[in-house]
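# Overview (structure and organization)
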Amino acid sequence: MKLGIVGLPNVGKSTLFNSLTKAGAESANYPFCTIDPNVGIVPVPDPRLGQLAALYDSAKITPAVVEFVDIAGLVRGASKGEGLGNQFLANIREVDAIVHVVRCFDDTNVIHVEGSVDPARDIETINLELIFADLEVLERRISKTGKSVMGNKSLAKELESLKKLKEHLEGGNMAITLQPADEDEAALFASLNMLTGKKVIYAANVDESALADDGASNPYVAKVREIAKATGSSVFVICAQIEQEIAELDDEEKKMFLEELGLSESGLEKLIAASYELLGLISYLTAGPTETRAWTITRGTKAPQAAGKIHSDFERGFIRAEVVNYQDLLDCKTYNAAKEKGLVRLEGKDYVVQDGDVILFRFNV
């Protein structure tokens, strides 16, 4: 999973990135201190892995990972080359979803590029830049398709769809809010890789005082939630500054620190949970003496395709899957005990893999 972090300058974007990845991206109180997109690989927190590894005495634990791409702060006019221009917008085209950091705190010591804190305006500024960048791509595609359309009915239909999308964007709407007419149109829109066609998770960056009630008493957060609801986006409340402090602690200290703040999980855990939910992702597990590992798949994936995540040969030569729920396996303490209780099932090609399944694939090529 690859997530692109966007936002105006000085909203806490790079601070959040630093805390998530401990990658040390430069963070300073002036615009454009982040010039190149920083990339960080973060393991997905999953307590099931440690428990299974202990059961199997695994030599290695390999968690699922999330790749975060921190894009330089966008400003009004970025799509036309303002600030550092639209070179950064190209970096977002490759991500699965966008994490849009929105400033939801007042602090006279931290400059706001627009002069005041206003989440609705800030979100609109970023969204318009993404729309303008998409329109540029779309206009080139329309021009190219228009030249080839003569006597080709399929291209005529494609041109009509492209123009429909262009009109939608010109109305100030995100591509994701346009319902495709049919499967062909859905495939076309997906192939365009529109920035505004990506799912968005809003990170409402608050000060420490707003963390305890998850931003419920913060009017800025209320505004972000209202905007997110209209587009089917997710929102999670975070204090980037606190996250940076947490990132420096070991697991035990982190747990105590979170408890003192009245929190059950870190911002990273909240973000990853929101990302998995938004993108419809789950993890299945493999375990043994050599390695215990989590594999990320889309909800609804069938056993052969899940096996293909490990190796294409597993999918090609799929015979069956031996499946046990991880909790059942832990309760039974050994795989053989789970088998004796009838908790290990043999599943075929049509089995839909569930979150927390521990699977042994049988294959032959």
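Residues numbered from 1 in each chain as written. Predicted model: local features only at pLDDT ≥ 70, side-chain atom pairs only at ≥ 80, totals over all residues. Heavy atoms only, no water.

## Here we look at the overall build of the protein
Looking only at helices and strands, one finds 14 helices and 12 strands in the protein. Split into buried and exposed, the 365 residues of the protein put 48% on the buried side. Taking the intrachain contacts of the protein between residues at least 6 apart in sequence as the baseline, contacts between residues at least 24 apart amount to 69%. With the model as given, the accessible surface of the protein reaches about 17,800 Å², and the carbon-plus-sulfur share is 49%. (Helix = DSSP H or I, 4+ residues; strand = E, 2+ residues; numbered from the N terminus. Buried < 20%, exposed > 50% of the residue type's maximum accessible area, 1.4 Å probe, protein only. Contact = heavy atoms within 4.5 Å. Areas by Shrake-Rupley, 256 points an atom, 1.4 Å probe, with all protein chains shown as cover.)

## Re the sheet that holds strand E5 (residues 97–103)
Pairing is mixed in the open sheet, where 6 strands are placed in the order E2-E4-E1-E5-E6-E7. Every other strand in the sheet has two partners, leaving strand E2 (38–43) and strand E7 (234–238) as the edge strands with one partner each. Strand-to-strand twist of the sheet, defined as the mean angle between neighbouring strand axes without regard to direction, takes the value 25°. In the sheet, E2 pairs with strand E4 (residues 65–70) via 6 bridges, with the strands oriented antiparallel. (Pairing = 2+ DSSP bridges. Axes fitted to C-alpha atoms, helices over the stretch in contact; angles between N-to-C directions.)

## Notes on the packing of helix H4 (residues 119–148) against helix H7 (residues 219–231)
Between H4 and H7, whose axes approach to 9 Å, the crossing angle comes to 40°. By the criterion of interaxial angle, the relationship of H4 to H7 is oblique. Residue-level contacts link Pro119, Ala120 and Ile123 of H4 to Tyr220, Lys223, Val224 and Ile227 of H7. A class-by-class count of the residues in the contact of H4 with H7 yields 6 nonpolar, no polar and 1 charged. (Parallel < 35°, antiparallel > 145°, perpendicular 65-115°, else oblique. Nonpolar A, V, L, I, M, F, W, Y, C, P; charged D, E, K, R; others polar.)

## Thoughts on the confidence of the model for the protein
Here the protein shows a mean pLDDT of 86. Residues at 70 or above account for 89%. Contacts of residues 23–35 to residues separated by more than four positions or lying in other chains number 34 contacts, the stretch itself having pLDDT below 50. (pLDDT = per-residue confidence, 0-100.)

## Description of the pattern of salt bridges
With the rule as written, the count across this model stands at 22 salt bridges. A salt bridge links Asp182 to Lys157, with the nearest nitrogen and oxygen atoms 3.1 Å apart. Here the residue Asp182 occupies a position in the loop between helix H5 (153–170) and helix H6 (183–192), and Lys157 occupies one in helix H5, the gap between them amounting to 25 residues. With a closest N to O distance of 2.9 Å, Glu170 and Lys166 form a salt bridge. Here Glu170 pairs with Lys166, and both are found in helix H5, just 4 residues apart, close to one helical turn. Its relative accessible area of 47% is what places Glu170 among the partly exposed residues. (Salt bridge = Lys/Arg side-chain N within 4 Å of Asp/Glu carboxyl O.)

## Section: a negative patch on the surface
Together, Asp250, Asp251, Glu252, Glu253, Glu259 and Glu260 make up a region of like negative charge exposed at the surface. Topologically, Glu260 is positioned in helix H9 (residues 251–260). (Patch = residues over 30% accessible without salt bridge, like charges linked within 9 Å, V, L, I, M, F, W, Y side chains within 5 Å. Lys, Arg positive; Asp, Glu negative; His and termini not counted. Charge placed at Lys NZ, Arg CZ, Asp CG, Glu CD.)

## Remarks on the packing of H4 against H5
How two helices pack is summed up by the angle between their axes together with the distance between the axes. Put simply, H4 and H5 touch, their axes get as near as 10 Å, and they point 155° apart. When the axis of H4 is compared with that of H5, the two are roughly antiparallel. The handedness of the crossing between H4 and H5 is left-handed. Of the residues in H5, those touching H4 at Ile131, Asp134, Leu135, Leu138, Glu139, Arg141, Ile142, Thr145, Gly146 and Ser148 are Leu155, Glu158, Leu159, Leu162, Lys163, Leu165, Lys166, Leu169 and Glu170. When grouped by side-chain class, the residues that make up the contact of H4 with H5 number 9 nonpolar, 3 polar and 7 charged. (Left-handed = near helix turned anticlockwise from the far one by under 90°.)

## Quick look at the packing of aromatic side chains
Applying the stated criterion across every chain, the model contains 4 aromatic pairs. Between Tyr284 and Phe361, the aromatic rings sit 5.9 Å apart at their centres with planes inclined by 85°, giving edge-to-face as the arrangement. Here the residue Tyr284 occupies a position in strand E8 (residues 281–286), and Phe361 occupies one in strand E12 (residues 357–363), the gap between them amounting to 77 residues. Residues Tyr284 and Phe361 agree in their burial class; the two are buried. Here the aromatic residues Tyr284, Trp295, Phe318 and Phe361 are joined through ring pairs into a cluster of three or more. Just above the ring of Tyr326 sits the side chain of Arg48; from NZ or CZ to the centre is 5.4 Å. Across the ring face of Trp295, the terminal group of Arg293 is positioned such that the distance to the ring centre comes to 4.0 Å. (Phe/Tyr/Trp six-rings, centres within 6.5 Å; stacked < 30°, edge-to-face > 60°. Lys NZ or Arg CZ within 6 Å of the ring centre and 35° of its normal.)

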